[in-house]
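Structure at a glance
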Amino acid sequence: MIFNEVLKFVDDIVFDRTGKHLDSLQKAILRATWQGEKYSKVAQEYHCTKCHVGNVASNLWQLISKELNEKIHKSNFRAAMERYQVSNVSNYGNFNLVQKGNINLCTDNTHSPETKQTSTTTQTTNENNTRLPKLDLRDAPDIKKTFYDRSTELTTLKTWILKHRCRLITISGISGIGKSTIIRHLIPKIESNFDHIIWRTLRTSPPVNVTLKNLIEIISNETEINLPNKTDAQISLLMEKLQGNRCLIVLDDVQQILSSRQLIGNYKLGYENYGNLFKIIGELPHNSCFILNSWEPPLDILSLTDNDSAVRLFQLTGLTEKVARGMLKNRELLDEEKWQELINFYQGNPQWLKLIGETIKKLFGGSVAQYLSYQPLFLSDELTNILQQHFQRLSELEKQLLCQLSEGAKSVSVSQLLEKYQFSSPELFQTLLSLERQGLIDKITEENMILFIVKPVFRHYIKNYISHHGNT
Ligand SMILES: Nc1ncnc2c1ncn2[C@@H]1O[C@H](COP(=O)(O)OP(=O)(O)OP(=O)(O)O)[C@@H](O)[C@H]1O
Ligand SMILES: [Mg+2]
């Protein structure tokens, strides 16, 4: 069963790249490699030379390597597949994929949540007898076959976690920039250093007690644990567990417990205790690491953050131009000379580039030049919806400043802003810092002066917004 899933995974890759399914010789090579058998056995079965099998295999490894962005060959194929956790729930009808060790198995979907919970956290050893962590990744996104290069970011994060032993890392960045994706791809690279890896989303804003209970139960491997009533005592209990087990805990969508319509970074009413949890995780000694993915960093964490401390902030920006070009090429867009303009406008945001790429294909047969010739640029409903979610979170002051900054075509300095508009200087400073932390404005240095400008897509959205609603 496991091998059949691997076969399907590789077949998808080969079909995507060549338009053809695996032939029987290629399948035999994969099966032999999976079972640790020699090519000569395949050659015998298929009445061909070992050299021919070697050539077919070598082409196959190259295809898989290109797709997975890592060197795959006979000796690491099985380990790599186990890491990639072949998973595509939709392919398996009534069956649900859960993880056993590092590979997904099909199980009946009718278990109770508790059964599911324990079955998603299994520990095992791999072929080399390296201990693998218990994984609970049921809230995590799947690893997709196509992953555009983020090696610089991955190296930094790996160093922070393994070498510098960071305890709390906030990954901040606008929606679609790739926070969840990059952390999902980081896990296989560092997992052997941990006893537990747990991924939870705060999308539904669970109270801190629910999150604490859940984490403690998973790390203790118990389903119904009697917890102390007070949050502080629950946090202490979690700390004990984190000291005894090396855990990597990812909390995704943290902006959902932060308040909107105020200056950013404060907790929603009733969620302030998350602040205590994060502070203790960051300040007290333990061997575990929390990663928080958020549109904006919680303010109280910022005061603990430093480049040489155990609490750090990683502001994730877009794909580099080179990588984004690769993405546009893959999506078969035309007019390469115009790609830089498109990439700059969409800030190298992989999700936005994907959305606009689809629109350009549908409306202009892939011609980027034609799309760019229509000004003002068209923002699709999907993109407008994402930008609207960010805009609605802003405080009134932030909205006002963004609207005013978006009016002129040029970047402006703090003194020009103070001269022109009715902000007090503390108000202006606080608001600029807040907008910068959310990645909504850019800072440019010109002749020793710092100037501010709204990021292009957002500026465009705001102009549309002003034309419909008037200036706030
Ligand atoms: N490096 C990448 N290679 C390929 N696809 C990517 C990459 N980064 C992101 N994507 C794709 O872009 C989309 C958005 O990525 P992701 O969900 O990671 O963003 P996010 O920053 O977590 O957004 P949100 O804040 O809304 O949760 C996904 O479809 C993802 O597959
Ligand atoms: Mg995300």
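Residues numbered from 1 in each chain as written. Chains lettered and ligands numbered in written order. Predicted model: local features only at pLDDT ≥ 70, side-chain atom pairs only at ≥ 80, totals over all residues.

**Comments concerning the pairing of strand β7 (residues 289-294)**
Where we set the bar: Any residue whose C-beta has 12 or fewer other C-beta atoms within 10 Å is treated as exposed, any with 20 or more as buried, and any in between as partly exposed, C-beta atoms being built from the backbone. By the criteria applied, helices consist of DSSP H or I runs no shorter than four residues and strands consist of E runs no shorter than two, each listed in order from the N terminus. Following DSSP output, two strands are said to pair if at least two bridges run between them.
Burial within β7 is extensive, with six of its six residues counted as buried. The alternating pattern of β7 places C289, I291 and N293 on one face and F290, L292 and S294 on the opposite face, and all of these are buried. In terms of strand pairing, strand β4 (residues 168-172) meets β7 through five bridges, oriented parallel. Pairing of T170 across the sheet is with L292, part of β7. Looking at chain direction, strand β6 (residues 247-252) and β7 are connected through four bridges and run parallel. By the bridge assignment, I249 is partnered in β7 with F290.

**What about the pairing of strand β5 (residues 196-201)?**
Counting buried positions along β5 yields five of six residues, so the element is predominantly enclosed. The pairing of strand β3 (residues 134-136) with β5 spans three bridges and is classified as parallel. Bridge pairing in β5 links L135 to I197. In this sheet, β6 lies alongside β5 in parallel orientation, the contact comprising six bridges. The partner of H196 across the bridge, within β6, is C247.

**Looking at helix α18 (residues 396-407)**
What counts, and what does not: A helix is expected to span 1.5 Å for every residue after the first.
The terminal C-alpha atoms of α18 lie 17 Å apart, and with 12 residues this matches the ideal 16 Å at 1.5 Å per residue to within 8%. Of the residues making up α18, those classed as buried are E398, L401, L402, Q404, L405 and S406.

**Topic: the sheet that holds β4**
What counts here: In this description, a line fitted to the C-alpha atoms serves as the axis of each element, helices being fitted only across the stretch in contact, and the angle between N-to-C directions of two axes falls anywhere from 0 to 180 degrees.
Taken in spatial order, the six strands of this open sheet run β3-β5-β6-β7-β4-β8, and their pairing is parallel. This sheet does not close on itself; its edge strands, each paired only once, are β3 and β8 (311-315). Between one strand axis and the next, the sheet turns by 15° as a mean value, whatever way the strands run.

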